[in-house]
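These are the residues of each chain, in order.
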Amino acid sequence: MSESHPRISKAVIPAAGLGTRFLPATKATPKEMLPVVDKPAIQYVVEEAVGAGLSDVLMVTGRNKRPLEDHFDRNYELEEALSRKGDAARLARVQESSDLATMHYVRQGDPRGLGHAVLCAAPHVGEQPFAVLLGDDLIDPRDPLLSRMVDVRERAGGSVVALMEVEPSQVHLYGCAAVEATGEDGVVRVTGLVEKPDPAEAPSNYAIIGRYVLDPAVFGILRETGPGRGGEIQLTDALETLAADEAIGGPVHGVVFKGRRYDTGDRGDYLRAIVRLACEREDLGPDFRAWLRRYVTEEM
Ligand code: G1P
């Protein structure tokens, strides 16, 4: 593995989805703005990118996504009001999201799939490797994943996907990878990929969870990738092309994640994420845990 691969500084966050699983909450509010305890889900994702050293963030948005831009921008009226009251703690929390990263936005226009959303980032990203973070997947901040992926890319070049072993019955919900061992613990070589396979055709139970570090060669492939599963342009299909021919954009590796992940696009998992994160918070945790214990033992 050489040391000559360029550093990664840009993150792309596709956020154009309609959030139909959360209707009616998402009728007029983007799903990315749903709170997980007291922060919108999308802020955890931007914080994760920044935590891995990526401070240039491009969101691929669509209609009705203005609240996302507002959330990561200054809110002078609110800041004024809080400083007049001398409420320094809340003022800091308000300013946190606008000070996080350099934010950019591009609109997807036609919702033609995740691959198409990533292609919308091409003019901003240029010829640099970049990361993609899907907003529905929340990775617990204490279990670093993206920084490990960035490290693999910097050593091996090519592209890197995050993989997690799931129950075979769940594989049809994910992109699924055929893998080979490498000499490194937790890092595999990806030899093939299938988007949402039927269980009988799944090459393994390694599922792609929504983190990618991509070689810019993916853009050329995406331009030539036709609609796949669900009639959409699939990022998984473009990665399959890259995995099949290393000469195009280098190898595809997988980092196997064993930490805590929540699918905030699923209502049950969304609730579990809130309960777990609330229990672990220093400020809210002690009271909440005591209540939860009483509730489970006495009222359920
Ligand atoms: C997308 C990807 C899929 C991946 C999943 C991870 O699917 O297409 O390959 O496994 O995200 O969350 P979606 O869940 O958006 O249908």
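Residues numbered from 1 in each chain as written. Predicted model: local features only at pLDDT ≥ 70, side-chain atom pairs only at ≥ 80, totals over all residues. Heavy atoms only, no water.

- The protein chain is annotated in an unreviewed UniProt entry as UTP--glucose-1-phosphate uridylyltransferase from Streptomyces pacificus.
- In UniProt, the protein chain has this text filed under Catalytic activity (unreviewed entry): "alpha-D-glucose 1-phosphate + UTP + H(+) = UDP-alpha-D-glucose + diphosphate".
- Per its UniProt entry, the protein chain bears the Sequence similarities (unreviewed entry) comment "Belongs to the UDPGP type 2 family." (UniProt positions renumbered as here; feature names shortened; annotations may be inferred.)

Concerning the environment of F130
Working step 1: The topology assignment puts F130 in strand β6 (residues 130–133).
Working step 2: Look at F130 and you get buried, because its relative accessible area is 0%.
Working step 3: Sequence separation between F130 and M149 is 19 residues, and the spatial gap between their C-alpha atoms is 11 Å.
Working step 4: Setting aside residues no more than four positions away along its own chain, F130 makes contact with I8, K10, V12, V118, V125, Y212, V213, L214, D215, P216, V218 and F219. (Helix = DSSP H or I, 4+ residues; strand = E, 2+ residues; numbered from the N terminus. Buried < 20%, exposed > 50% of the residue type's maximum accessible area, 1.4 Å probe, protein only. Contact = heavy atoms within 4.5 Å.)

A short note on the UniProt feature "domain: Nucleotidyl transferase" (unreviewed entry) in the protein chain
Working step 1: According to UniProt, the feature "domain: Nucleotidyl transferase" (unreviewed entry) maps to residues 10–274 in the numbering used here.
Working step 2: In this annotation, residues 10–274 is assigned 34% helix and 26% strand; the end-to-end C-alpha distance for the span is 28 Å.

Here's the deal with the packing of aromatic side chains
For any pair of aromatic rings, the description consists of the separation of the ring centres together with the inter-plane angle of the planes.
Working step 1: For the structure on display, the rule yields four aromatic pairs.
Working step 2: Their ring planes at 5° and their centres at 5.0 Å tell us that F130 and F219 sit as a pair that is stacked. Residue F130 is found in strand β6, and its partner F219 is found in helix α8 (residues 217–224); the two are separated by 89 residues along the sequence.
Working step 3: The interplanar angle of 10° and the centroid separation of 5.1 Å between the aromatic rings of W291 and Y295 together place this pair among those described as stacked. Of this pair, W291 and Y295 both sit in helix α12 (residues 285–299), four residues apart, which is roughly one turn of the helix.
Working step 4: Residue W291 is classed as partly exposed on the basis of its relative accessible area of 38%.
Working step 5: Take Y295: its relative accessible area is 31%, and that puts it in the partly exposed class.
Working step 6: Sitting over the face of the ring of Y44, K39 holds its NZ or CZ atom 4.6 Å from the ring centroid. (Phe/Tyr/Trp six-rings, centres within 6.5 Å; stacked < 30°, edge-to-face > 60°. Lys NZ or Arg CZ within 6 Å of the ring centre and 35° of its normal.)

Side note on the site of the ligand
Working step 1: Around the ligand sit L114, L134, D137, Y174, G175, E195, K196, I208, G210, Y212, Q234 and T236, and that is every residue in its neighbourhood.
Working step 2: At 2.6 Å, a side-chain N or O of K196 approaches an oxygen atom of the ligand.
Working step 3: Between an oxygen atom of the ligand and a side-chain N or O atom of T236, the distance comes to 3.2 Å.
Working step 4: Its residues assigned to classes, the shell around the ligand comprises five nonpolar, four polar and three charged. (Near = heavy atom within 4 Å. Polar contact = N/O pair within 3.5 Å; in protein donor to acceptor, adjacent residues only side chain to side chain. Nonpolar A, V, L, I, M, F, W, Y, C, P; charged D, E, K, R; others polar.)

Some thoughts on the nonpolar core
In summary, soluble globular proteins display a tendency toward joint burial of nonpolar side chains.
Working step 1: Formed by 36 residues in total, the largest nonpolar core has its most connected members in F130, Y212, L214 and V218.
Working step 2: Once you skip the residues sitting within four places of it in the chain, Y212 turns out to touch L114, F130, A131, V132, L134, M149, V160, V161, L235 and L239. (Core = buried A, V, L, I, M, F, W, Y, C linked by side-chain atoms within 4.5 Å.)

Brief notes about the environment of R153
Working step 1: Residue position: R153 is located in helix α7 (residues 146–156).
Working step 2: Relative accessible area serves as the criterion here: at 3%, R153 is assigned to the buried category.
Working step 3: Once the C-alpha coordinates of R153 and V213 are considered, the two residues, 60 residues apart in sequence, prove to be 7.2 Å apart.

What to know about the environment of Y44
Working step 1: Tracing the chain through its elements places Y44 in helix α1 (residues 41–51).
Working step 2: On the basis of relative accessible area, Y44 is assigned to the buried category, the value being 11%.
Working step 3: Taking the C-alpha atoms as reference points, Y44 and P141, 97 residues apart in sequence, are found 8.1 Å from one another.
Working step 4: The contacts of Y44, once residues within four sequence positions are left out, are V36, V37, K39, L138 and L277.
Working step 5: There is a polar contact of 2.7 Å between the side chain of Y44 and the backbone oxygen of V36.

A word on helix α11 (residues 267–280)
Working step 1: Here α11 contains 14 residues, and its C-alpha end-to-end distance of 20 Å stays within 8% of the 20 Å for a straight helix at 1.5 Å per residue.
Working step 2: Turning to α11, its buried residues number three or more, namely D269, Y270, A273, L277, A278 and C279.
Working step 3: Against β2 (35–36), α1, β7 (137–139), β13 (261–263) and α12 lie the buried residues of α11.
Working step 4: Its side-chain oxygen at 3.2 Å from the backbone nitrogen of G268, D266 defines the N-terminal cap of α11. (Expected span 1.5 Å × (residues − 1).)

Structural notes on the pairing of strand β9 (residues 175–181)
Working step 1: The sheet contact formed by β9 and strand β10 (residues 187–195) spans seven bridges and is antiparallel. Bridged to A181 within β10 is V188.
Working step 2: The turn joining β9 and β10, which pair antiparallel and follow one another in sequence, is formed by five residues; a positive phi near 80° is taken by G186. (Pairing = 2+ DSSP bridges.)

Let's talk about the packing of α11 against α12
Working step 1: Contact pair α11 / α12: the axes reach a minimum separation of 6 Å and the direction vectors enclose 125°. Classified by the angle between their axes, α11 and α12 sit oblique to one another. For the pair α11 and α12, contact is made by V275, A278 and C279 and by G285, F288, R289 and L292, respectively. (Axes fitted to C-alpha atoms, helices over the stretch in contact; angles between N-to-C directions. Parallel < 35°, antiparallel > 145°, perpendicular 65-115°, else oblique.)

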